[in-house]
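Residue-level listing of the chains:
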Amino acid sequence: MTIVQTSSIADQPRYDCRDAYVETLAELAHADHRIVGVVNDSVGSSKLNSFRKAFPDRLINVGIAEQDMVGVASGLANGGRIPFVSAASCFLTARALEQIKADVAYSNTNVKLCGMSPGVAYGELGPTHHSIEDVAWLRAIANMTVIVPADPIETAAALRWAAASDGPVFIRVSRMSVPKVYADDYQFELGKAITVRDGDDVTLISNGTVLWRAIAAAERLAEEGISARVVSMPTVKPLDTDAVVTAARETAGIVTAEEGVIAGGLGGAVAETVVQHHPARVSILGFPEFAPTGSAGFLLDRYGLSPDGIADAARRLVTTGT
């Protein structure tokens, strides 16, 4: 897989994945009259103003009523529409969790849940607006596909896949600017990991806004003679078990790094796989507690999710086995 990198990835231009989201959603809506948007007074924060202008009768705004929003989307899906629910991930997945479980997942309804501004993107608004548990919550629910794109290219590709698939899907859509990782011809494949950098000493498994930081960590480790494999895991559920087991067999251990809680998310999925199929050392980086108020960058650095923090974890695993 070719990655977009002519110099250090940290020096590449940054992009807001919401721009790719709205552009792709409009593209899909032009091609398929069944596609509709459902929001909770979140047109602006989802950057859907242009979509509303182009499709005024295909954007349903229920107001600040997240449970109703998911229920309405389920009804639209039962009526033959393909609803894309667009709301801040912290409110979509917390306030409407029962509706997601019962109306969408249990009923296996064709609803696409798009969690906007996930993780700690709303950093200065504090723990009530952090969405660090969303992947763990939804991964525990049967029938739910969970996707965490790393850049605008992957965000668009995941949306196209979701529109063409049948059944419940949750996609994180980041507002935190990220560099492009993938080339324009990237094709999303459900349940398939991508090795974006080869290495034999240690494996870094990441996704979302942290993936480019893992690549930057690998660049720094290479300067010290440590060869770090970087595996992108956009699909947390279903997980690419083969890629995890291969990493466990071929390298000294695995470091997972994600913009989410350490219990039950990507790290939990990887650890479960390793324990069941090929025991190996695993270091899980993420948030172990309610993250405090602060900028997104500050919070990622505080909890070891910076390039230096990820490199430190990999270095410890290789040199001391911890």
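For every chain, the first residue of the written sequence is number 1, and numbering continues from 1 along that sequence. Where local features are concerned, this predicted model is filtered to residues with pLDDT of at least 70; where side-chain atom pairs are given and counted, the filter is 80 or more; whole-chain, interface and lining totals use all residues. The basis for every side-chain value is the complete set of non-hydrogen atoms in the structure, without hydrogens or water.

Caption draft 1: Representation of the packing of aromatic side chains within the structure. Working definition: a ring pair exists when centres of Phe, Tyr or Trp rings (six-membered ring for Trp) sit within 6.5 Å. Plane angles under 30 degrees give stacked, over 60 give edge-to-face, the rest tilted. As enumerated under the stated definition, the model contains four aromatic pairs in all. Seen in terms of ring centroids, Trp 161 and Phe 188 are 5.7 Å apart; in terms of plane orientation they differ by 65 degrees. Their pairing is edge-to-face. Of this pair, Trp 161 sits in helix H7 (residues 152–164) while Phe 188 sits in the loop between strand S8 (178–179) and strand S9 (194–197); the two residues are 27 residues apart in sequence, bridging distant segments of the chain. Buried residues are those whose accessible area, probed at 1.4 Å on protein chains only, stays under 20% of the maximum for their type, while exposed residues exceed 50% and partly exposed ones sit between those limits. Judged by its relative accessible area of 22%, Trp 161 is partly exposed. Strands here mean DSSP runs of E at least two residues long; helices mean DSSP runs of H or I at least four residues long; both are numbered from the N terminus.

Caption draft 2: Quick peek at the pattern of salt bridges. Definition used for salt bridges: Asp or Glu carboxyl oxygen within 4 Å of a side-chain nitrogen of Lys or Arg. According to the stated counting rule, one finds 12 salt bridges in the structure shown. Across the pair Glu 27 and Arg 160 runs a salt bridge, and its minimum N-O distance is 2.9 Å. Of this pair, Glu 27 sits in helix H1 (residues 17–31) while Arg 160 sits in helix H7, and the two are 133 residues apart along the sequence. With relative accessibility at 37%, the residue Glu 27 sits in the partly exposed group. Overall, the relative accessible area of 38% leaves Arg 160 in the partly exposed class. Across the pair Arg 315 and Asp 312 runs a salt bridge, and its minimum N-O distance is 2.5 Å. Placement of the pair is Arg 315 and Asp 312 together in helix H12 (residues 307–320), with a separation of three residues, close to one helical turn. Looking at Asp 312, the relative accessible area reads 34%, which means it is partly exposed. Each member of the salt-bridge network shares a partner with another, and the members are Asp 16, Arg 18, Asp 19 and Lys 47.

Caption draft 3: Layout of the pairing of strand S2 (residues 35–39). Along S2, five of the five residues are buried, which leaves the element largely enclosed by surrounding structure. Of the two faces of S2, the one holding Ile 35, Gly 37 and Val 39 and the one holding Val 36 and Val 38 are both buried throughout. Two strands qualify as a pair provided DSSP detects at least 2 bridges between them. Two elements, S2 and strand S4 (residues 82–88), share five bridges in a ladder whose sense is parallel. By the bridge assignment, Gly 37 is partnered in S4 with Phe 84. In the sheet, S2 pairs with strand S3 (residues 59–61) via three bridges, with the strands oriented parallel. Pairing of Gly 37 across the sheet is with Leu 59, part of S3. Regarding the hand of the β-α-β motif, the stretch spanning S2, helix H2 (residues 49–54) and S3 is right-handed. By the criterion used throughout, a crossover qualifies as right-handed when its path from the first strand across the helix to the second strand runs clockwise, the strands pointing away from the viewer.

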